[in-house]
Amino acid sequence: MTTVVDILPHILALLGDGALTAAQIAAGAAAIAFVGGLVLAVVNVFTQLVAVRLAIAAYTEWMRNVPALAHLFLLYFGLASVGVRLTPLAAAIVGLGLVGAAVLCDVFSAGLRALHVGQREAALAVGLTPLQALRFIVLPQVLRLTLPAIGNYASQLVKDTSIASAIAAPEIMFFARNLVTSTFETPLIYASAIALYAAIVLPVSWLFARLERRLAAAGGMGGAR
Amino acid sequence: MEHKLLKVDGLHKSYGAAQVLRGISFDLKRGETLSLIGPSGSGKSTCLRCLNFLEKPTSGEIVLEGERIGRTGSGRGERLMTDRELAPQRREIGMVFQLFYLWPHLNVRDNVALASIKAGGMHRDEAYALADEMLDKVHLRRKADEYPERLSGGQQQRVAIARALAQKPKLMLFDEPTSALDPELVGEVLGVIRELAEEGRSMILVTHEIRFARDVADRVIFMDGGVVVEEGPACDVIERPSMERTRAFLGQVGIGAGLSK
Amino acid sequence: MIAFFAIYGDYAAEWLPRLVLAARVTATLSLLGFVLALVLGAVLVAAQRTHVAALRRAAAAFVQFVRAVPLLALLLALYFGLPSFGLTLPGYWVGVLGLGIQGAAYVAEVLRGGLDAVHRGQREAALAAGLTPLAAFRFVVLPQAMRVMLPPLLNAYVSLLKDSSLCALIATDELMLTARAMASEYFLPLHVFVLVGLFYFAIAFPLSMCSRLLARRLGRGRRTLGTNQG
């Protein structure tokens, strides 16, 4: 006769393992998304070649108008059929990372365009190279401008790791479903899973909110125009 | 017979600790044009906005042709009216705002006619006929099918005046109607206001155009720091002010004693 | 390379009809979810603006909670958990419910943004002209708010469309589940999933584009309006 109290630690331990996997997926995908998005955005905004901009636009539109689940299935099942076998974890990281790169490309592009063109001009005028201007003047400001959007993306990413359960990645929902079949404490298990997600996502949002406030206080964009 | 159209008694308004109106009282006769002048922050706009209860006075009475504005019930049951209950009373008072607030999604004719249809219960044709008539009055009939964004500031404000006139109000209120206009557009709006005054409308005009107030208003009230400092016939207050504060204010805005133009 | 596309030629006749049928399910599923999201979102906004503090706090808590939970978790919890409380809903309706609840939080934000974007002077002028608060809302505030709200609402629908793919995991016969089934039936996951990706793209992309064009056109208009007093 197992009571709720007996079984809860077991549930939480297993879900906790799932949370670690979710964290790994999120971290990996975030890295790909951040670096990829930034590079794409810089190229997108500063290139003169229409063909390049079209190519990037095609990429971002494809990634953003097709569900993430489809991308994961493509990477996991699709590639396997032509001999490239990715682990569930790898497929999840690459899939969510590629989608994230498209999202952040749009975010950073908008941020770069919003930044006053005079900022870059002033940097070049004092003798910085374009790359230096980018590194020391443009990017820091763009990052501050886009922080809210990045925060939104981060929260969404943590939640999207749940999709990886569909390709059998050992994360939270995967363990939750297994637990249900083995213990039948359905409401309790899902309630715990949901609570666990909330426990991860809320601090992430809160952290970003604090970061925004601190950067705003440290003399925002004020006279920087 | 002297019939008081409007009686304002002991108007107070505080925002938290800040007292903006400290006991304003005055009357308005039918057909009279009254101008409120004074420095920024003196409470003139707040006073005006209390008259149609866009600001709720902290205390005081406003009576329009014998009807108490904004409050209902009596004794212990007395309370402030809701916006819904205020609507019919507001119909009697036409207001022209400093920033015009024309409705951008409607063309000029619809701007003037909307309230007649939705609040006045008129049929569309009747309302449109009235709108055209009012637009005629402000010399903008030809712009009736245009949208506000295509009009100059002066034209927009004149449309706003037509909109208020379409209410067939007992009282017209003007809250710094020309303060947001480019200088060369001020004249056309003042011209319309002068015509309305000469027609015998009952009007209260808050303005920085002191010379205009002197020429067009019957009476002037000088307000400062939330109180009435001086009150009297327009020419008297502006050309021969009896209070030092009035003199100081007029001097600051470039009206020396005895200056006539 | 040509061989890749040749396969589509072979199977198109079998695949396309199935996918089109499934696409209809996806479209109606997300549409119903969207309608629910609109209704709930409007209720949330009303609750956020009420004088009753308890309602305000309830609405805020609801939004916070919903935004912290993944849609999949919500769907699975409802699909597998509700029967324990005596309520067994088919995957389709669990999907509508889940999409509606999650969508409501976002829609509420969009509605709020739209209403706030209308200058309060607009409402004042309407009240001053003798319109009741309701009439002022209907004829002056709402029409102007709609222009601001339309692009983000279109985006919200596109989001819901994509999220509907998760309903495949709760046994709903929509596009993604059909694709998954077909992929294993024919042992051609690569081709099938690329094709289904194209289906989603074909539905979502035009809507995304519309939203972007609308936003640009309305943004331009508003800048002109802004200089002539709001």
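Residues numbered from 1 in each chain as written. Chains lettered and ligands numbered in written order. Predicted model: local features only at pLDDT ≥ 70, side-chain atom pairs only at ≥ 80, totals over all residues. Heavy atoms only, no water.

Student: Give a detailed account of the overall build of chain C, specifying residues and quantitative values.
Tutor: A tally of regular secondary structure across chain C gives 8 helices and 0 strands. A compact globule built from 230 residues would reach a C-alpha radius of gyration of about 17 Å, whereas chain C, at 22 Å, exceeds it by more than 25%. Principal-axis analysis of the C-alpha atoms places the extent of chain C at approximately 70 × 50 × 25 Å. Across the 230 residues in chain C, those meeting the buried criterion constitute 47%. Put simply, of all contacts in chain C between residues at least 6 apart along the chain, 77% involve residues at least 24 apart. Just so you have it, chain C exposes about 10900 Å², and 68% of that area is on carbon and sulfur atoms. Looking at charge distribution, chain C has the averaged site of its 19 positive side-chain charges lying 17 Å from that of its 9 negative ones. (Helix = DSSP H or I, 4+ residues; strand = E, 2+ residues; numbered from the N terminus. Rg over C-alpha atoms; globule rule 2.2 N^0.38 Å. Buried < 20%, exposed > 50% of the residue type's maximum accessible area, 1.4 Å probe, protein only. Contact = heavy atoms within 4.5 Å. Areas by Shrake-Rupley, 256 points an atom, 1.4 Å probe, with all protein chains shown as cover. Lys, Arg positive; Asp, Glu negative; His and termini not counted. Charge placed at Lys NZ, Arg CZ, Asp CG, Glu CD.)

Student: Summarise the side chain of Ser165 of chain A; cite the residues concerned and give the values.
Tutor: You can see Ser165 of chain A is positioned in the loop between helix H6 (130-160) and helix H7 (172-183). Discounting chain neighbours no more than four positions away, the residues touching Ser165 of chain A are Glu171, Met173 and Phe174 of chain A together with Leu72 of chain C.

Student: Give me the lowdown on the interface of chain B and chain C, citing residues and values where you can.
Tutor: Chain B puts 28 residues into the contact, and the matching count from chain C is 25 residues. In total, about 2300 Å² of surface goes out of reach between chain B and chain C, with carbon and sulfur atoms giving 64% of it. Linking chain B with chain C are 2 salt bridges. Between Arg49 of chain B and Glu124 of chain C there is a salt bridge, and its shortest N-O distance comes to 2.7 Å. On inspection of chain B and its partner chain C, the count reaches 5 residue pairs in polar contact (both at pLDDT 80 or more). Broken down by secondary-structure element, the contributors of at least two residues to the side of chain B that touches chain C are helix H2 (83-91), strand E8 (93-96), helix H3 (108-118) and helix H5 (153-165) of chain B. (Buried area = accessible area lost by both parts, 1.4 Å probe. Salt bridge = Lys/Arg side-chain N within 4 Å of Asp/Glu carboxyl O. Polar contact = N/O pair within 3.5 Å; in protein donor to acceptor, adjacent residues only side chain to side chain.)

Student: Can you explain the confidence of the model for chain C? Please cite residues and give values.
Tutor: Low pLDDT means the predicted coordinates in that region are not meant to be read closely. Residues and elements named next belong to chain C. Across chain C, pLDDT averages 89, with 95% of residues at or above 70. Taken element by element, chain C is modelled with least confidence in helix H8 (residues 189-227), mean pLDDT 80, and with most confidence in helix H5 (residues 120-128), mean pLDDT 94. Across residues 221-230, where pLDDT falls below 50, the model places 16 contacts with residues more than four positions away in sequence or in other chains. Interface confidence in the predicted complex, given as ipTM, is 0.86; pTM for the same model is 0.79. (pLDDT = per-residue confidence, 0-100.)

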